[in-house]
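Survey of secondary and tertiary structure
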Amino acid sequence: MLTKLDQSGYEGVYRVEDAASGLRGYIAVHSTVRGPAAGGLRMRPYAAEAEALEDVLRLSAGMTYKNAAADLPLGGGKAVIIGDPAKDKSEALLRAMGRAVEALEGKYWTAEDMGMSPDDMAVLAQETKYVAGLGQGDFASGDPSPVTAAGVLGCMEVAARHAFGSSNLQGKTVAVQGLGHVGMYLAEGLHRAGAKLIVADTNARAVQEAMERFEAVAVAPEAIHGVEADIYAPCAIGGTVNMGTIPEIKAKLICGAANNQLASRRERMLLEARDILYAPDYVANGGGIINVAAEILKIETRAPWVAARLGRLEETMDQILNRALRNRQTPADVADALVEERLTVKAA
Ligand code: NAD
């Protein structure tokens, strides 16, 4: 059911097919230099196989960077299933994917991603040991969002010291885009820290909740990036920091949970030119993978372990922003370079 493809720059890329269940997808193991490759399983109605392959290649490489940035003894991998999760998901299909993961003998650990739930992970777990993101069990990590939000908040405080001279967020205005799983926890933490909130979400109920619980001021989703704020926290979708929005951003710091916040590499220099400090996304949002890693690594004392790793994430952010200032490089370039250094040595 696994066919290995020839793909340079990757340790192993496999096409997965099981005729009986209708499973079609890919597993990409980008790197195991620092440990077993870890990254979620995504199910999407990709228009073509080539699109699914492109996604798995991009996402698995991204996981190598995110796991190394969080200083975890894990490499990067990802899996995708071609299909509509609402219509095409079945027990047989999930079990077949579980067998494919098992066949890689621990080179790749899977977990929940778009189109998957903890219940789906439990189905995969009937076929493989190499699955995390379970709802129940000795080391089950549950919802990663509160840990992700805690990591973003900690990194925001570090970055605030670089941008404003103090890590104290009291009285700072933060524009939070997206009040979903992570954004709502982040808004809660910011409110507790004494920050003023401006929020936007396409879901009116979430906006209402933030207004009631955190005295947040609401604006339209298309206006949030450009409001008068000290910090812009993208927590919805990727690409909201782009050549069109950057000229309108008034915040001096960007730090949020969303993946791939910068639309392309071009934005790195434009942010520098506008003197906007960018806290690299895959560092700031590393709390989610730290949470999952505690399950993969079977950590007995989860809470202190996670707290220590979040502290390390803040140190990494500080190191990146210091080096960026010293070397007159963009924080995103420094983050990439730092990860590439970490990839030359095996994790402790
Ligand atoms: P989510 O789907 O729970 O929340 C996203 C929210 O954004 C929703 O409330 C949605 O209505 C809103 N939204 C969508 N489009 C919008 C727009 N144009 N303007 C304003 N609001 C919009 O997702 P989440 O789990 O909170 O994750 C948020 C982001 O953080 C994603 O990019 C995700 O990949 C990333 N991330 C999440 C985690 C995690 O632990 N959940 C970890 C790392 C990274």
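Residues numbered from 1 in each chain as written. Predicted model: local features only at pLDDT ≥ 70, side-chain atom pairs only at ≥ 80, totals over all residues. Heavy atoms only, no water.

In the nomenclature of an unreviewed UniProt entry, the protein is known as Leucine dehydrogenase of Donghicola tyrosinivorans.

Some details on the sheet that holds strand E9 (residues 196-200)
Read across the open sheet, the six strands follow the order E10-E9-E8-E11-E12-E13; overall the sheet is parallel. Edge positions in the open sheet fall to strand E10 (217-218) and strand E13 (277-278), since each of these has one partner strand only. Pairing between E9 and E10: two bridges, direction parallel. In the sheet register, Val 199 faces E10, and the bridge partner there is Ala 218. (Pairing = 2+ DSSP bridges. Helix = DSSP H or I, 4+ residues; strand = E, 2+ residues; numbered from the N terminus.)

Digging into the packing of aromatic side chains
This model, assessed by the stated rule, comprises two aromatic pairs. Residues Tyr 65 and Tyr 282 carry aromatic rings whose centres are separated by 6.0 Å and whose planes lie at 85 degrees to one another, so their mutual orientation is edge-to-face. With Tyr 65 in helix H1 (residues 49-69) and Tyr 282 in helix H9 (residues 281-284), this pair connects stretches of sequence that are 217 residues apart. The buried category is assigned to Tyr 65, whose relative accessible area is 19%. In this structure Tyr 282 comes out as buried when scored by relative accessible area, which is 14%. Taking the centre distance of 5.6 Å and the plane angle of 80 degrees together, the rings of Trp 109 and Tyr 130 count as edge-to-face. Of this pair, Trp 109 sits in strand E7 (residues 108-109) while Tyr 130 sits in the loop between helix H4 (118-124) and helix H5 (145-164); the two residues are 21 residues apart in sequence, bridging distant segments of the chain. Both residues of the pair, Trp 109 and Tyr 130, count as buried. (Phe/Tyr/Trp six-rings, centres within 6.5 Å; stacked < 30°, edge-to-face > 60°. Buried < 20%, exposed > 50% of the residue type's maximum accessible area, 1.4 Å probe, protein only.)

A closer look at the domain arrangement of the protein
Each domain of the protein was delimited in the assignment, giving domain 1 (2-124) and domain 2 (145-285). When each unit is reduced to the centre of its C-alpha atoms, the spacing between domain 1 and domain 2 is 30 Å. Between domain 1 and domain 2, a total of about 370 Å² is buried, with carbon and sulfur atoms accounting for 55% of that surface. Counting across the domain 1 and domain 2 interface gives zero salt bridges. The tally of links from domain 1 across to domain 2 stands at two residue pairs in polar contact (both at pLDDT 80 or more). Classifying every residue of the side of domain 1 that touches domain 2 gives two nonpolar, no polar and two charged. (Domains from an automatic or database assignment. Buried area = accessible area lost by both parts, 1.4 Å probe. Salt bridge = Lys/Arg side-chain N within 4 Å of Asp/Glu carboxyl O. Polar contact = N/O pair within 3.5 Å; in protein donor to acceptor, adjacent residues only side chain to side chain. Nonpolar A, V, L, I, M, F, W, Y, C, P; charged D, E, K, R; others polar.)

Some remarks on the nonpolar core
Among the nonpolar cores identified, the biggest contains 93 residues, and Met 156 and Leu 190 are the most heavily contacted of them. Beyond its immediate chain neighbours, meaning those up to four positions away, Leu 190 contacts Leu 153, Met 156, Leu 169, Val 174, Val 176, Ala 195 and Leu 197. Val 227, Tyr 232, Ile 254 and Leu 262 belong to the second largest nonpolar core, which has 17 residues in total. (Core = buried A, V, L, I, M, F, W, Y, C linked by side-chain atoms within 4.5 Å. Contact = heavy atoms within 4.5 Å.)

As for the site of the ligand
Taken together, 20 residues sit near the ligand, with Thr 148, His 181, Val 182, Asp 201 and Asn 259 positioned nearest. The fraction of the free accessible surface of the ligand (840 Å²) that becomes covered by protein chains is 72%. Residue assignment for the shell around the ligand shows that the elements contributing at least two residues are H5 and helix H6 (181-192). (Near = heavy atom within 4 Å. Areas by Shrake-Rupley, 256 points an atom, 1.4 Å probe, with all protein chains shown as cover.)

Overview of the UniProt feature "binding site: NAD(+)" (unreviewed entry) in the protein
As annotated in UniProt, the feature "binding site: NAD(+)" (unreviewed entry) corresponds to Gly 178, Leu 179, Gly 180, His 181, Val 182 and Gly 183 in the numbering used here. Examined against the element boundaries, Gly 178 turns out to sit in the loop between strand E8 (173-177) and H6. Not counting the four nearest positions on each side in its chain, Gly 178 is found in contact with Gly 183, Ala 200, Asp 201, Cys 235 and Ala 236. By the secondary structure assignment, Val 182 is in helix H6. (UniProt positions renumbered as here; feature names shortened; annotations may be inferred.)

Digging into the environment of Ala 103
If you trace the backbone, Ala 103 turns up in helix H3 (residues 91-103). Since its relative accessible area comes to 47%, Ala 103 is described here as partly exposed. Each C-alpha atom of the pair Ala 103 and Glu 127 lies 9.9 Å from the other, and the pair is 24 residues apart in sequence.

Focus on helix H8 (residues 266-273)
Residues of H8 that are buried include every one of Glu 267, Arg 268 and Leu 271, and no others. One side of H8 carries all its buried residues, which in axial view fall inside an arc of 110 degrees. Along H8, the residues that are exposed and aim more than 90 degrees away from the buried face are Arg 266, Met 269 and Ala 273. Of the surrounding elements, those touching the buried residues of H8 are strand E12 (253-254), E13 and helix H12 (331-342). Looking at the residues trailing H8, positive phi occurs at Asp 275, about 60 degrees. (Arc of directions from axis to C-beta.)

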